[in-house]
Amino acid sequence: MEEGAGGVGVTYQTILYETDGRIATITLNRPEKMNAIRPPMPEELEQAVVAANRDRDVSVIILKGAGEAFCAGFDFSEGLEHFAAWGGQAAEEEWDPGKDLVISASPFAAPVPKFMSLGRSPKPVIAQVHGWCVGGASDMALCADIVIASEDAQIGTPYSRVWGCYLTGMWIYRLGLTRAKLHALTGEPLSGRQAADLGLINFAVPAERLEGEVRTLAARLAEIPGSQLHAMKLVVNQAYENMGLASTQLLGPILDGYMRNTPEGRGFVETARKRGVGAAVKERDAPFGDYSQAPPSRRPRRKKG
């Protein structure tokens, strides 16, 4: 490992990084919060991707989550003030579009460019998704090259209904017009099996086989010359860049800032302030009977033991 590469042996606050032969694994590591995103997770994710690319022994990267979920999206469990940590404004403040632009569009501060380190990485990235993968977590996972999920994983964008907008645009590019419109407008979640059947992700497997299937595919990719993997990834990426991916990724977070400050968006914040984030989320989800208000049949299976 190159000194200062930020890889093995480096202490991270929100992730784990390890290598095993030609495979590097990045694990989102806030299991007590279902790996929900707070600073410095996006920065540490990017640092780990850089470390894997600097390590000449690594050919493939796996991204996964510790505990019961891949990731539950951005962390609002202790309030909505965390936007300020990225250089923007606290959610409770009067909206300042200038500050909001910083969190939305700055390549040095905003989360989306950090997520896209997965897509820009010359070395292929496999996202291993289980449990909840919602909101910003789905944007993150879909930046990977290949996504494999447990059949009972739940993937969706509850922010479609209030207080948000597509961030990376990957839902659009992976689903295509017909399905993207439906899920953009409804926020309807998908199980891992449904997501695979629609082409949002690559494969869905029973939960007990997920780890093994991901490792097997990573080992197969590791047998291919790195230059070949880089070339094939680059040509596919370039096709989507030509379709306007970068422009979509600029517009999405800016619109997300607007949606957080509509009357309905501010109402969501006010409910969270007065009655707690759980109450705001329950009020959002109750009419649809999904996400926080889903029956057991629409929730990921809990791990045993």
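Residues numbered from 1 in each chain as written. Predicted model: local features only at pLDDT ≥ 70, side-chain atom pairs only at ≥ 80, totals over all residues. Heavy atoms only, no water.

Undergrad: Which residues make up the sheet that holds strand β8 (residues 190–191), and what values do they have?
TA: Spatially, the 3 strands line up as an open sheet ordered β5-β7-β8, and their pairing is mixed. The open sheet has two edge strands, β5 (132–134) and β8, and neither has a second partner. In this structure, strand β7 (residues 154–156) lies alongside β8, joined through 2 bridges in antiparallel fashion. Within β8, the position partnered with Gln154 by the bridge is Ser191. (Pairing = 2+ DSSP bridges. Helix = DSSP H or I, 4+ residues; strand = E, 2+ residues; numbered from the N terminus.)

Undergrad: Tell me about the environment of Met34, and please be specific about residues and values.
TA: In this fold, Met34 is placed in the loop between β2 (23–28) and α1 (41–54). With 75 residues separating them along the chain, Met34 and Ala109 place their C-alpha atoms 23 Å apart. Aside from chain neighbours lying at most four places away, what touches Met34 is Ala69, Phe70, Cys71, Ala72 and Trp132. (Contact = heavy atoms within 4.5 Å.)

Undergrad: So what's going on with the packing of helix α12 (residues 263–275) against helix α13 (residues 277–285)? Which residues, and what values?
TA: As a packed pair, α12 and α13 sit with axes 6 Å apart at the nearest point and diverge in direction by 135°. Taken as axis vectors, α12 and α13 run oblique relative to one another. Between α12 and α13, the residues in contact are Phe268, Thr271, Ala272 and Arg275 and Val277, Ala279, Ala280, Val281, Glu283 and Arg284, respectively. Class assignment of the residues belonging to the contact of α12 with α13 gives a composition of 6 nonpolar, 1 polar and 3 charged. (Axes fitted to C-alpha atoms, helices over the stretch in contact; angles between N-to-C directions. Parallel < 35°, antiparallel > 145°, perpendicular 65-115°, else oblique. Nonpolar A, V, L, I, M, F, W, Y, C, P; charged D, E, K, R; others polar.)

Undergrad: How would you summarise the side chain of Thr271 if you had to cite specific residues and measurements?
TA: Checked against the element boundaries, Thr271 lands in helix α12. Among the residues examined, Thr271 registers a relative accessible area of 12% and is labelled buried. (Buried < 20%, exposed > 50% of the residue type's maximum accessible area, 1.4 Å probe, protein only.)

Undergrad: Now, about unusual backbone geometry: what can you tell me, with residues and values included?
TA: Geometrically, the link from Pro39 to Pro40 is a cis peptide bond, its omega value of 5° lying close to zero. Along the chain, Pro40 falls in the loop between β2 and α1. In this structure, Met34 takes a positive phi of about 50° despite not being glycine. The backbone of Asn35 sits at a positive phi, close to 60°, despite the residue not being glycine. As for its position among the elements, Asn35 is in the loop between β2 and α1. Exposure remark for Asn35: the relative accessible area of 0% places this residue in the buried category.

Undergrad: Explain helix α2 (residues 97–105) residue by residue, including any values.
TA: Every α-helix carries 3.6 residues per turn, so stepping three or four residues along brings you back to the same face. Taken together, the buried positions of α2 are occupied by Asp100, Ile103 and Ser104. One side of α2 carries all its buried residues, which in axial view fall inside an arc of 100°. On the buried face of α2, the contacting elements are α3 (111–115) and α11 (245–259). (Arc of directions from axis to C-beta.)

Undergrad: How would you summarise the sheet that holds strand β3 (residues 60–65) if you had to cite specific residues and measurements?
TA: Taking strand neighbours across the sheet as the criterion, the 6 strands line up as β1-β2-β3-β4-β6-β9 in an open arrangement whose pairing is mixed. Strands at the two margins of the open sheet, each flanked by one partner only, are β1 (15–20) and β9 (203–205). When the angles between neighbouring strand axes are averaged without regard to direction, this sheet yields 20°. Pairing analysis gives 3 bridges linking β3 to strand β4 (residues 125–129), with the strands arranged parallel. Residue pairing for β4: Ile61 is matched across the bridge by Val125. Strand contacts of α1: β1, β2 and β3, with the helix running at about 15° to β1, the strand carrying the most contacts.

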